[in-house]
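Breakdown of the fold
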Amino acid sequence: MGMLLSRKMETCLLVGCGVYFCFYLYFKLRKGKCKSKKTLEGKTVIITGANTGIGFEIALHLARRNGRIILACRNSEKGEAARSRIVQLSGNSNVVFRLVDVSMMSSVRAFVDVIKREEKKVDILINNAGVVTLEKILTEEGLELTFATNHFGPFLLTTLLMDLLKKSKGRVVNVGSAASVIGTVDCDNLRAEKNFSSLQYHNSKTANLLFTKELARRETDVLISCVHPGTVRTDVFRHMPLPVRIIISTVFRVLTKSPTEGAQPVLFCALDDSVQTGGYYMDCRLYDHTMWVPKSAYDEGLAKKLWETTEKIVAECGSKIQ
Ligand SMILES: NC(=O)c1ccc[n+]([C@@H]2O[C@H](COP(=O)([O-])OP(=O)(O)OC[C@H]3O[C@@H](n4cnc5c(N)ncnc54)[C@H](OP(=O)(O)O)[C@@H]3O)[C@@H](O)[C@H]2O)c1
């Protein structure tokens, strides 16, 4: 009897190890790597939320390609610290920090004023900054924080920088999320005026997809894409309950990516020649029309309505799209 039990345990252990190994291999092979050899000599890149996580890795990698790198961060101390570290690690001294809180439309406008004074063109804009919140928090401008950071800010920043991006036939990369697959966008509830959904983050990432596709229809001189970086071990889950964070960072370690790996799909969208405008990418591959994309992403009527409603809301925050 004892022998039979230990045989069973052995089999279970072997099967368990086999399953773990298959998962490990599957996720390792699927990670995708940006293989572009482009250098960024003479090119200007703006990355929001570049002081930590995926944004820091993107900035470091692009600095190594010798571009002028603008770290667009909301905290001066963290922004300056990231700048020093990137200069030290990359050997590129053409890395600057500029202050912006993307959840505040007034801050986005002030940032764009600085950029327009200092830069002749922008080659790549990476809308990376993002938050996950579990409760309704309003900004001083009356916007719900998740949508303000993940949708309204990137929308305003991109549209205000469009003339500088057009000058270089540049690129915009919106860092979305596979969470968008269960997101919905209600244009009458963008400020969470009717209700705050527990899927607010998912909804904001669906808005990223709709914005990407609508912008691609409107602007043919700029290449725009949306990208899911993967499930990455960063601080993005800092507002989640501790057990969830522990599960993500330890138990699912094999299934999650390091920030360096998470930066790869974003770098691919910023650099690779095969990238299609309006496309949605994961693992350095086009993922449009797969099960990972919500049907609503292709609803042109909804995308247009989202654009127009967003335009009105950011205008109410004291800004005008030029
Ligand atoms: N990690 C994942 O598994 C995952 C999966 C799918 C998509 N994403 C997306 O990837 C992007 C980067 O996330 P991450 O994982 O690297 O997260 P992270 O480590 O939390 O970094 C987020 C960055 O955004 C900045 N940020 C937040 N609110 C901001 C604001 N109002 N103004 C300016 N900067 C702001 C943060 O600045 P502070 O340091 O000052 O807070 C930080 O630099 C996000 O858009 C996220 O939605 C992440």
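Before reading on, note that the structure itself is shown above.
What comes next concerns the included structure. (Residues numbered from 1 in each chain as written. Predicted model: local features only at pLDDT ≥ 70, side-chain atom pairs only at ≥ 80, totals over all residues. Heavy atoms only, no water.)

Some remarks on the site of the ligand
For the record, the criterion: The cutoff for a nearby residue is simple: one of its non-hydrogen atoms must lie within 4 Å of the molecule or strand. Counted as a polar contact is a pair of N or O atoms within 3.5 Å, where, for protein atoms, one must be capable of donating a hydrogen and the other of accepting one, and residues adjacent in sequence contribute only when both atoms are in side chains. Residue burial considers only the protein chains on display, and all accessible areas are found by Shrake-Rupley using a 1.4 Å probe. In this description a helix means any DSSP run of H or I spanning at least four residues, a strand means any run of E spanning at least two, and both kinds are numbered starting from the N terminus. When residue character is reported, Ala, Val, Leu, Ile, Met, Phe, Trp, Tyr, Cys and Pro are called nonpolar, Asp, Glu, Lys and Arg charged, and the others, Gly included, polar.
Surveying the vicinity of the ligand reveals 31 residues, the closest of which are Arg74, Tyr201, Val232, Thr234 and Arg238. In the model, an oxygen atom of the ligand is placed 2.7 Å from a nitrogen or oxygen of the valine 232 main chain. Between an oxygen atom of the ligand and a main-chain N or O atom of aspartate 235, the distance comes to 3.4 Å. Across the complex, the protein chains shield 97% of the 900 Å² of accessible surface that the ligand would expose by itself. At the level of elements, helix H2 (53-63) and helix H6 (200-218) are the ones that each hand at least two residues to the shell around the ligand. Of the residues in the shell around the ligand, the class split is 11 nonpolar, 14 polar and six charged.

Remarks on unusual backbone geometry
Stated formally: In this scheme, a residue with accessible area under 20% of its type's maximum is buried, one over 50% is exposed, and one in between is partly exposed, where area comes from a 1.4 Å probe on protein chains only.
For alanine 192, which is not glycine, the phi torsion reads 55 degrees and is therefore positive. The topology assignment puts alanine 192 in the loop between strand E5 (171-175) and H6. Residue alanine 192 is classed as buried on the basis of its relative accessible area, which comes to 1%. The phi torsion at cysteine 284 lies on the positive side, around 60 degrees, for a residue other than glycine.

Brief notes about the pattern of salt bridges
Formally: What counts as a salt bridge is simple: a side-chain nitrogen of Lys or Arg found within 4 Å of a carboxyl oxygen of Asp or Glu.
In the structure shown here, the tally under the stated rule is 17 salt bridges. For glutamate 308, the salt bridge goes to lysine 304, with nearest N and O atoms at 3.1 Å. Here glutamate 308 and its partner lysine 304 are both found in helix H9 (residues 300-316), four residues apart, which amounts to about one turn of the helix. Given the relative accessible area of 35%, glutamate 308 is considered partly exposed. Taking the relative accessible area as the measure of exposure, lysine 304 reaches 42% and is therefore partly exposed. Put simply, Glu214, Arg217, Arg218 and Glu300 are held in one network by salt bridges that share partners.

A look at the side chain of lysine 205
Quick note on the threshold: It only takes one pair of heavy atoms within 4.5 Å for two residues to be counted as in contact.
As for its placement among the helices and strands, lysine 205 is situated in helix H6. Each residue touching lysine 205, except ones within four places of it in the same chain, is listed here: Asn150, Val175, Gly176, Ser177 and Ser180.

Section: the pairing of strand E6 (residues 223-228)
Our working rule: The pairing criterion is simple: DSSP has to find at least two bridges between the two strands. Throughout, right-handed denotes a crossover for which the path from the first strand over the helix to the second runs clockwise when the strands point away from the viewer.
A large share of E6 lies buried, amounting to five of its six residues. The pairing of E5 with E6 spans five bridges and is classified as parallel. Bridged to arginine 171 within E6 is leucine 223. Handedness of the crossover joining E5 and E6 through H6: right-handed. Two strands pair when backbone bridges link them, and E6 and strand E7 (residues 279-282) are joined in this way by four bridges, in the parallel orientation. Each residue of the ladder has a partner; that of valine 227, found in E7, is tyrosine 281.

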